[in-house]
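Summary of structural features
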Amino acid sequence: MISHQQHHHSHKPLPKRIILVRHGESAGNLDGTAYTTTPDHQIPLTPQGLVQAKQAGERIRQIVSGLSRDWKVYFYVSPYERTRSTLSEIGRSFSKKRVIGVREECRIREQDFGNFQVEEKMKAVKKTRLKYGRFFYRFPEGESAADVYDRVSSFLESLWRDIDMNRLHNEPSSDLNFIIVTHGLTSRVFLMKWFKWTVEQFEGLNNLGNCEFQVMQLGNGGEYSLAIHHTEEEMIKWGLSHEMIADQKWRAHAHRGDWNEKCSWYLDSFFENLQESDSSDEEENDELNGPIPLPEFGSGRGLLLLEVDGSSLIPQGSSRAQTSCGSCDCGCDSDTTFSITLDCGNHDPDMKEEMKKGRLALLAEELRLQKNVTDDRLERTKELTTEVRKASSQYRKEVEKCSIGIETCEEAREKAEAALVDELKLSALWEERARELGWSHSI
């Protein structure tokens, strides 16, 4: 049975396409030393990058216009200079009539690699990342891809609220297209979150080229898929496995909320040799729509009712079956067999206590994790402080050596000056004696 909330949500007009665009070629893409003197968010596009962005805008317009005459676009953009410039060039292909609006969104910015980046040090750090794993490795003073995943997840929640509350004021008859101008890793994390890809699958993904874009298009059944617009060869180039591509093809025709039983990573990647069904289910398959008798429990009869809506089942004759249902509306009958709906658990003091303990345990676990993160950062700060002190001590020693060298040079200069004065005096004395003996400059 579809709830009122689901029914309400299903009638909200969904965007026809969600297009992820990587920025054009930047100065940092050409020369990694640019990051040593220019903050990452201020790295500009190259002239080639500007051309790429303009051409990308033309191609995107051709896609979104398609067969529809009534279409609109809404832009989300990372606050970095290179993404803002890319958006500006893409916008040349659209008129004000077609653009509903644009929003600068900090949560889709580039992964934070730290502040000014020393090229040689970054090369060593990125080699370490390959060994550790690209998703969980956190750059010193920066972020991991897992950190980016958290903020992209938050952005997706806001995006869905924009759709659900119609904050964009889009007419239901118009084909709405979201265009997200962002960065390579952020795009990969966005797709990972949307399509529920695993960390292992993320590790196999490749970065997009400059101004390359990916089109998630809405299928007839209400699911988004890359396979509607893109070819299998393109998806292979991006690093999607054959299973991931098969899932994209399934999504192209699937109805929203359907379960893809052939999608192996939903279950098979987490369990080994998971059986298709219980043996008892196979034996009693023809009785699923009626009451299923069970063996007797103690001195009382045992009977289990299977409800169509999947309510919880409790045998009559057990200790729980002898208690009353409280104020629930399940229509419990204490004389014969009965079924208890999921709402009955709300009146069970033991269950409520367990749920309370569960919440407290989750809170304690969250606090413990936060403490671990804080301890790790404190430890890194201590290590950095120690390194700074060592470097400072080394610099002090070098300064002292230089001071000693300067003093030695100064002493040598004074001795040389004194020796020169003595030589000048001796020369003057010999010149005076020579003159006394009749020598002159004219001789």
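Note that the coordinates shown come from a computational prediction; the quantities given were computed from them, not determined experimentally.

1. Notes on the overall build of the protein chain
For the protein chain, the count of helices and strands is 13 helices and 8 strands. Across the 443 residues of the protein chain, 35% fall into the buried class. In the protein chain, 66% of the contacts between residues at least 6 apart in sequence involve partners at least 24 apart. With the model as given, the accessible surface of the protein chain reaches about 28,500 Å², and the carbon-plus-sulfur share is 53%.

2. Structural notes on the nonpolar core
The biggest cluster of nonpolar side chains holds 38 residues, and the ones touching the most others in it are Phe-178, Ile-180, Phe-190, Trp-197, Met-216, Leu-226 and Leu-240. Going through the elements one at a time, strand 1 (17–22), strand 2 (71–77), helix 7 (145–164), strand 4 (175–182), helix 8 (184–195), strand 5 (213–218) and helix 11 (242–251) are the ones with two or more residues in this core. Of all the elements, helix 7 adds the most residues to this core, at 8 residues. Not counting residues up to four positions away in its chain, the partners in contact with Leu-240 are Trp-197, Leu-205, Leu-226, Met-235, Ile-245 and Gln-248. Residues Val-21, Val-73, Phe-75 and Leu-87 belong to the second largest nonpolar core, which totals 16 residues.

3. Observations regarding the pattern of salt bridges
For the structure shown, the criterion picks out 21 salt bridges. In this structure, Glu-232 engages Lys-249 in a salt bridge whose closest nitrogen and oxygen atoms are separated by 2.8 Å. Of this pair, Glu-232 sits in helix 10 (residues 232–237) while Lys-249 is found in helix 11, placing the two residues 17 residues apart along the sequence. Its salt-bridge partner being Arg-413, residue Glu-417 comes within 2.4 Å of it at the nearest N-O pair.

4. A word on the packing of aromatic side chains
This model, assessed by the stated rule, comprises 17 aromatic pairs. Taking the centre distance of 6.4 Å and the plane angle of 50° together, the rings of Phe-155 and Phe-190 count as tilted. Of this pair, Phe-155 sits in helix 7 while Phe-190 sits in helix 8; the two residues are 35 residues apart in sequence, bridging distant segments of the chain. Note on accessibility: Phe-155 and Phe-190 belong to one class, buried. Among the aromatic residues, those joined into a cluster by ring pairs are Tyr-74, Tyr-76, Phe-155, Trp-160, Phe-178, Phe-190, Trp-194 and Tyr-224.

5. Quick word on the packing of helix 7 against helix 8
It is the contact of helix 7 with helix 8, at a shortest axis distance of 9 Å, that shows an interaxial angle of 65°. In terms of crossing hand, the pair formed by helix 7 and helix 8 is right-handed. On the side of helix 7, the interface is formed by Ala-145, Val-148, Tyr-149, Val-152, Ser-153, Phe-155, Leu-156 and Trp-160, while helix 8 contributes Leu-185, Thr-186, Val-189, Phe-190, Met-192, Lys-193 and Trp-194. Considered class by class, the residues forming the contact of helix 7 with helix 8 number 12 nonpolar, 2 polar and 1 charged.

6. A word on the side chain of Gln-52
Inspection of the secondary structure assignment puts Gln-52 in helix 4 (residues 47–65). Since its relative accessible area comes to 17%, Gln-52 is described here as buried. At a separation of 2.9 Å, a polar atom in the side chain of Gln-52 contacts the main-chain amide nitrogen of Glu-25. Those residues in contact with Gln-52 that sit more than four places away from it in its chain are Gly-24, Glu-25, Asn-210 and Cys-211.

7. Observations regarding the side chain of Arg-98
Mapped onto the secondary structure, Arg-98 falls in the loop between helix 5 (81–90) and strand 3 (99–104). Buried and without a salt bridge, Arg-98 has Asp-70 as its closest oppositely charged side chain, separated by 4.9 Å. Excluding residues within four positions of it along the chain, Arg-98 makes contact with Arg-69, Asp-70, Trp-71, Lys-72 and Val-73.

8. Some remarks on the sheet that holds strand 1
Pairing is mixed across the open sheet formed by 6 strands, whose spatial order is 3-2-4-1-5-6. With one partner strand each, in any of the chains shown, strand 3 and strand 6 (224–225) form the two edges of the open sheet. Note that strand 1 and strand 4 share 6 bridges and pair parallel. Across the sheet, residue Ile-18 finds its bridge partner in strand 4, namely Phe-178. This element, helix 7, spans strand 2, strand 3 and strand 4 of the sheet and lies at about 160° to strand 4.

The rules behind the values
- Residues numbered from 1 in each chain as written.
- Predicted model: local features only at pLDDT ≥ 70, side-chain atom pairs only at ≥ 80, totals over all residues.
- Heavy atoms only, no water.
- Helix = DSSP H or I, 4+ residues; strand = E, 2+ residues; numbered from the N terminus.
- Buried < 20%, exposed > 50% of the residue type's maximum accessible area, 1.4 Å probe, protein only.
- Contact = heavy atoms within 4.5 Å.
- Areas by Shrake-Rupley, 256 points an atom, 1.4 Å probe, with all protein chains shown as cover.
- Core = buried A, V, L, I, M, F, W, Y, C linked by side-chain atoms within 4.5 Å.
- Salt bridge = Lys/Arg side-chain N within 4 Å of Asp/Glu carboxyl O.
- Phe/Tyr/Trp six-rings, centres within 6.5 Å; stacked < 30°, edge-to-face > 60°.
- Axes fitted to C-alpha atoms, helices over the stretch in contact; angles between N-to-C directions.
- Left-handed = near helix turned anticlockwise from the far one by under 90°.
- Nonpolar A, V, L, I, M, F, W, Y, C, P; charged D, E, K, R; others polar.
- Polar contact = N/O pair within 3.5 Å; in protein donor to acceptor, adjacent residues only side chain to side chain.
- Lys, Arg positive; Asp, Glu negative; His and termini not counted.
- Pairing = 2+ DSSP bridges.

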